Amino acid sequence: MMPRTDTIAAIATAPGRGGVGVVRISGNGLLPLAEQLTGRLPRPRHATLADFRAADGSVIDSGLLLFFPNPSSFTGEDVLELQGHGGPVVLQMLLARCLDLGARLAEPGEFTRRAFLNGKLDLAQAEAVADLIDATTQAAARSAVRSLQGEFSREIRVLTDELIELRALTEATLDFPEEEIDFLKAANAFGRLDSLAARLEAVFDRARQGRLLQNGLHVVLAGQPNVGKSSLLNGLAGDELAIVTPIAGTTRDVVRGNLQIEGIPLHVIDTAGLRETEDEVERLGIERTWREIEKADVLVLLADAREGIAHGEEAILRRLPPDLPRITVYNKIDLTDRAPERHEEPEGGEGCVAISLSAKSGAGLDLLRRELLRIAGWHEAEDVFIARERHLRALAAAQEHLQLSRQRLPALELFAEELRLAQNALCHITGEFTADDLLGEIFGRFCIGK
């Protein structure tokens, strides 16, 4: 895709009132526009105090004018930033004046898209800009910064360079068969493949952790009425998010709580108690509960520790999706002589875990938190980087082609083709081979002005 050459403008600060508001302009040859707007030519990379004037010469606002000439700018083009007062009316007036002077309104993400097309950022770095803005935890923000600074891209390029070197050796053997080079031995093909596979798996693991930091885990609390779902949500959140009463059926609709466990966003959904009911409002709440269960990453099924899994819980279990990860929580141990514990529950199916706790007192909540992290696949790591689903798919494709390449030996033509496909998969991450429609989808989700 060729970069556009027209001039774009947008308000770069968030909507609403603020102390400072910024209008950003990018294009080629912006000095005449700056002179028409302010009556002066700004010095490159110096903040200039100026009046921003309307067509009739009246002052729209006073503020700072900054000029970043190409190619030393965010987009790689000339960039002007008009820093004025952060009122929505004055910013709209200032933006309208820029449009009158020949700019057009920027599309969502168009500034970052131009930075990508002009070689200032690769695609993984460009996506990290949006991920940093959208980060909901400090860990996610730190990981997004690592990707923005190019750490993820550097790892991908190291893998790509190793693939290219191995491909070059393979192609040389194919081009000069008369040399009778024992390729497998001389090029140490299996050793190189093992090294590549190990490094790729390490990058994949860091990317999976970053994906978890970005998306978090969607947890649905389900069970019969009055087993303590709302109390458990409040206990995990450390706040009174849901109303708790002894009356069965208090929760009629889903209640959402967003919290963190070791920096992982946890989206916990408290639901209506699952039971047969004639109450129309409660029935609608139960229907929503089942819809939430279908979208869950993990289900926490609550039961009363005094009664265990009874007929009502068994009916719920029969309707659950078979592949949905599940934790059975025996709540209200404060009313029994049981201590908090975690144990396997063979009758619940392979990998099913049960935890005994008290949502009211908090005893055993840490066991549940650790179990949720285990199911999520989280482990402590300081060097993760934010990754998206398309990155994980590309890494998985590269892994698959590396595995297939080993199976193709000693047929070097097929071996070389699998290496090429693995390289292509990795290059999709940084944007070296990227379709225009994918770029439109990626940058179309950015905010305007970024």
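As a starting point, this report considers the structure included with it. These numbers were taken from a predicted model, which means no experiment stands behind them. (Residues numbered from 1 in each chain as written. Predicted model: local features only at pLDDT ≥ 70, side-chain atom pairs only at ≥ 80, totals over all residues. Heavy atoms only, no water.)

1. Concerning the pattern of salt bridges
All told, the structure shown has 26 salt bridges when counted by the stated rule. Across the pair Glu389 and Arg211 runs a salt bridge, and its minimum N-O distance is 3.8 Å. Of this pair, Glu389 sits in helix H13 (residues 389-408) while Arg211 sits in helix H8 (residues 189-215), and the two are 178 residues apart along the sequence. Judged by its relative accessible area of 37%, Glu389 falls in the partly exposed class. When the shortest N-O distance is used, the salt bridge between Glu418 and Arg408 registers 3.3 Å. In this pair, Glu418 is assigned in helix H14 (residues 412-430) and Arg408 in helix H13, connecting sequence segments 10 residues apart. By relative accessible area, Glu418 is classed as buried at 8%. Look at Arg408 and you get partly exposed, because its relative accessible area is 30%. Through salt bridges with shared partners, a single ionic network connects Asp6, Glu77, Arg104, Glu110 and Arg114. (Salt bridge = Lys/Arg side-chain N within 4 Å of Asp/Glu carboxyl O. Helix = DSSP H or I, 4+ residues; strand = E, 2+ residues; numbered from the N terminus. Buried < 20%, exposed > 50% of the residue type's maximum accessible area, 1.4 Å probe, protein only.)

2. Details of unusual backbone geometry
A cis amide bond, omega 0°, links Asn70 with the succeeding residue Pro71. Assignment of secondary structure puts Pro71 in the loop between strand E4 (59-68) and strand E5 (78-86). Even without being a glycine, Arg45 presents a positive backbone phi close to 60°. Relative to the elements of secondary structure, Arg45 occurs in the loop between helix H1 (31-38) and strand E3 (48-53). By relative accessible area, which is 49% here, Arg45 ends up partly exposed. A positive phi angle, near 70°, is found at Lys332, a position not held by glycine. When you line up the elements, Lys332 lands in the loop between strand E11 (326-331) and strand E12 (341-344).

3. Observations concerning the packing of helix H9 (residues 229-237) against helix H12 (residues 365-376)
When two helices pack together, their arrangement is given by the angle between the helix axes and by the axis-to-axis distance. It is the contact of H9 with H12, at a shortest axis distance of 11 Å, that shows an interaxial angle of 80°. The pairing of H9 with H12 is recorded here as roughly perpendicular in orientation. In this structure, H9 contributes Leu232, Gly235 and Leu236 to the contact, and H12 contributes Leu365, Leu368 and Arg369. (Axes fitted to C-alpha atoms, helices over the stretch in contact; angles between N-to-C directions. Parallel < 35°, antiparallel > 145°, perpendicular 65-115°, else oblique. Contact = heavy atoms within 4.5 Å.)

4. Some thoughts on the pairing of strand E13 (residues 353-356)
Of the two faces of E13, both are covered, the one formed by Val353 and Ile355 as well as the one formed by Ala354 and Ser356. Pairing of E11 with E13 involves 4 bridges; the strand directions are parallel. Bridged to Thr328 within E13 is Ala354. Pairing of E12 with E13 involves 4 bridges; the strand directions are antiparallel. Residue Arg342 lies in a different strand from E13, and its bridge partner there is Ile355. (Pairing = 2+ DSSP bridges.)

5. Section: empty space enclosed by the protein
Taken as a whole, this structure holds 1 cavity of 30 Å³ or more when the rule is applied. Approximately 30 Å³ is the volume attributed to the largest cavity. Considering the residues around the largest cavity, the lining is formed by Leu159, Leu163, Leu196, Leu200, Ala398, Leu402, Ala422 and Leu426. Those elements that place two or more of their residues in the lining of the largest cavity are helix H6 (151-175), H8, H13 and H14. For the lining of the largest cavity, a count of residues per class yields 8 nonpolar, no polar and no charged. (1 Å grid on protein atoms, 1.4 Å probe; cavity = no way out; pocket = protein on both sides within 12 Å on 5 of 7 lines; lining within 4 Å. Points joined across faces, edges and corners; volume = space filled by probe spheres on them. Nonpolar A, V, L, I, M, F, W, Y, C, P; charged D, E, K, R; others polar.)

These figures come from the coordinates and say nothing about function on their own.
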